[in-house]
Amino acid sequence: MATKNAEKSDEDLKEKSRAIMKHFKRSSDPDSSHNSKAEKRRGHPIDKGYAWVVLVACCVAVFLITGTFKSFGVLYVELITVFHSNATMTSVVQGLLIFMYSFGSVFVCLFGLRLFPSRTWVIIGGIFYFCGFLTSSFAESVEFLFFSYSCLIGAGMALSFSPIIVTVGTYFDEKKGFASGLLMSSGSLGALVMAPFLRVLLNLYSVEGALLIIAAVASHIIACGLLLRPTPFYTGKRNKASYESDCSSTEEQGPLVDSLTRDSDQFDRLYSSDPNIVLKNGHFQQVDCPKRRTSNEVVSVFQPNDSKGRSLNFERQGSAVVNSTIGRKRIFNIKIFKNTSYLRLLFAYTIGFIGTSLPQGYLPAFAMEQGTDRTDAAWLITISSFADLLGRITIGWISDKKRIKRIYLIAISMVVSGVVQCLSPFYKNYLSLVFFSMVYGFFSNFISALYFPALLDILGLDDFRCALSVLYVGYGIISGCAAPFIGDLKDKSGTYVTCFYLFGAAHIISSAVLFSECLS
C-alpha cells in the first residue's frame, strides 16, 4: 500500500511539473493569445490607454533634459563674460558634466534599476536637476559651477534619462519603434526651442535670473516622473485578490514559508498552473506537496525570450521550491573586447563624439568671433537642432532598408561632418555659418541615432548592456577630458578655428577606423 501511495505521489508531482513547463512555454510565446489575455487580466496597458500618457511624460522630460544640455553653448559665452573667466575653466564645466552623466548612467543601467523602479530614479534625477540650476543661479565664480552645474545637473541627467528609455520599453510592444522615435525626436525639438528661449532669458534677466527660471522649468521633470506608473501598480490589485480568494484553502494546507523576490509574471504563470502556489505580502509562498518522496526532482523552466531560468525543486520533504538562480546572467562579459567590430565602434563612439557633442557648445562663440551678434549666434543652435531632427528621421528610414551596413552609414556621415568642420576658416559671414550649422547638424548625429542598433547587430542582446556601459564610460572619459583641452587650445591659439580643426579630425579618424572593416 505504501509503495502504491509513493508511486501515486510521484505521478502527481510529474504531472504538476509537466503542467508548469507547458504553461511557461505558452505564456512566453509572443504570438500566443493566452499571453495577451494574461496581460489584459493584469490590467497593464500596452500600446494603448495610459501608455500614451507615459509616453507624453517621457517626451516632456527628454525635451527638457536634452534641450538644456544642448543649449550650453548659449550659456558658455555669458559665463566667460560675467565671471571674467577664460575658455579653459569654462570648458571644464561642460567636461565635468559629461563625465558625471556618463558614469552615472552606467551605475543606473547596471545596478540602479535593480534596486528601485524607473519612476523613483526619474523623480530623484528631476530633484537633482532642479537643485543644480537653482544653486547655479547663486554662483559667484566658475569654480562654484563645477559642483552646482556640472555635478548636480550631470547626476540629474544620468539618474533620469536611462530610466525614461526603459519605461517607454515597458509600455510599448508593437508600437515600440514609433514610441522610441518620438521620444528621441523630442530631444532634438528641445534643443530647437530651449536655445533661443535661454537667449531671451539672458537678455532680460542676466545669468542669475535666467538660471532661476530654467530651474523652475526643469522641476517639471519631477512631475513627469510621478506619472510613470511602475508595473506593480497594475499587478498589485490582482495579486491581492488572488491571495484573498485562495487564502482559506492555502491556510488549511499549511504553507511552508520560503519568500522570494516578487515576480508578477512568474506568479501569474505558476498560479495558473498550480493554485497551491500563492503570493502573500509580496512574496511567493510554497505549499505542501505529497509527503512521500524517494528522491529529489528538479524541473528547470526556461522562457525562450528571457534569459532567466526558473526551477521548481520537489525536495525529499515534498515542498515545491522556486529557484530563480538558474541561468543568471553575468553583469559584465570581458569577451566583448575580442570582437574587432565592437572595438571599431567603441573607438568611433568615444573619439568621434568629440566632434559630435562638443561643437554645439562652441558654435555660438565661434559665430560671435566672426562678428555675429549674440541673438543670431544662439539661433545657429536652433538651426543645427532642426537639421539634427531631419537627419535622425532620414537615417532611420535609410538604415531600415538594410542596403548599407549601419557601421558604414556612420562612417560616411563622419567623413562629411569632419570635412565641413575642417573648413571652418571659410565661414566668414552669417549665411555661411547657417550652411555650416545645417550640414553639421544633419550629419554629425548619425552615430547618435545608429549606435544602439549597430551595437545589437554586432553583439546581439546578451552582451548589449555591458557593451553599452563601456561606450558610456569611454565617452565620459574622452569627451570629459577633451572639453578643457579644447578650451585651453582656444586660449593659446586665440581662435576657435583650431578647435573645429580638432573636431573635424576626430570625425575623419573615426570614419577611417570604421571603414577599415572593409580590409579585414
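Notes on the structure in this doc start here. These numbers come from a predicted model, not from an experiment.

1. Notes on helix α16 (residues 406–422)
Relative to the 24 Å expected for 17 residues at 1.5 Å per residue, α16 spans 24 Å between its end C-alpha atoms, a close match to the ideal helical length. For α16, the buried fraction is high: 12 of the 17 residues fall into the buried class. Taken as a whole, α16 has its buried residues at Arg406, Ile407, Tyr408, Leu409, Ile410, Ala411, Ser413, Met414, Ser417, Gly418, Val420 and Gln421.

2. Let's talk about the packing of aromatic side chains
One pass over the structure, following the stated rule, counts 25 aromatic pairs. On the numbers, 6.3 Å between centres and 55° between planes, the contact of phenylalanine 72 with tyrosine 76 is tilted. You can see phenylalanine 72 and its partner tyrosine 76 sitting in helix α4 (residues 72–82), four residues apart, about one turn around the helix. Plain terms: the ring middles of phenylalanine 436 and tyrosine 440 are 6.0 Å apart, the flat faces sit at 20° to each other, and that makes the pair stacked. With a gap of four residues between them, phenylalanine 436 and tyrosine 440 both fall in helix α17 (residues 430–444), about one helical turn apart. Side by side, phenylalanine 436 and tyrosine 440 carry an identical accessibility label, which is buried.

3. With respect to helix α5 (residues 87–115)
The first and last C-alpha atoms of α5 sit 40 Å apart over 29 residues, in line with the 42 Å expected at 1.5 Å per residue. At valine 108, α5 shows its strongest bend, of approximately 50°.

4. Some words on the pattern of salt bridges
Summed over the entire model, instances satisfying the criterion amount to seven salt bridges. For arginine 199, the salt bridge is made with glutamate 78, and the minimal N-O distance between the two is 2.8 Å. Placement of arginine 199 in helix α8 (residues 176–218) and of glutamate 78 in helix α4 is noted, with a sequence separation of 121 residues between them. A salt bridge links glutamate 78 to arginine 374, with the shortest nitrogen-to-oxygen separation between them at 2.6 Å. Taken together, the residues glutamate 78 in helix α4 and arginine 374 in helix α15 (residues 374–401) connect sequence positions 296 residues apart. In this structure arginine 374 comes out as partly exposed when scored by relative accessible area, which is 30%. Several salt bridges share partner residues, and in doing so they unite Lys70, Asp388 and Arg392 into one network.

Criteria and thresholds
Counting from 1, residues in each chain are numbered in the order their sequence is written. Restriction of local features to residues with pLDDT of at least 70 applies here, the model being predicted, together with a cutoff of 80 or more for giving and counting side-chain atom pairs; totals for whole chains, interfaces and linings are based on all residues. Hydrogens and water molecules were not included; the side-chain quantities draw on all heavy atoms of the structure. The way it works is that DSSP assigns letters per residue, a run of H or I at least four long becomes a helix, a run of E at least two long becomes a strand, and they are numbered from the N terminus. Expected span of a helix: the number of residues minus one, times 1.5 Å. Using a 1.4 Å probe on the protein chains alone, a residue whose accessible area is under 20% of its type maximum counts as buried, one over 50% counts as exposed, and one in between counts as partly exposed. Ring pairs are drawn from Phe, Tyr and Trp, using the six-membered ring of Trp, whenever the two centres fall within 6.5 Å, and their geometry is named by plane angle: stacked under 30 degrees, edge-to-face over 60, tilted for the rest. The quantity called bend is, for any residue, the angle between two axes fitted respectively to the seven residues ending at it and the seven beginning at it. Salt bridge, as used here: a side-chain nitrogen of Lys or Arg that lies within 4 Å of a carboxyl oxygen of Asp or Glu.

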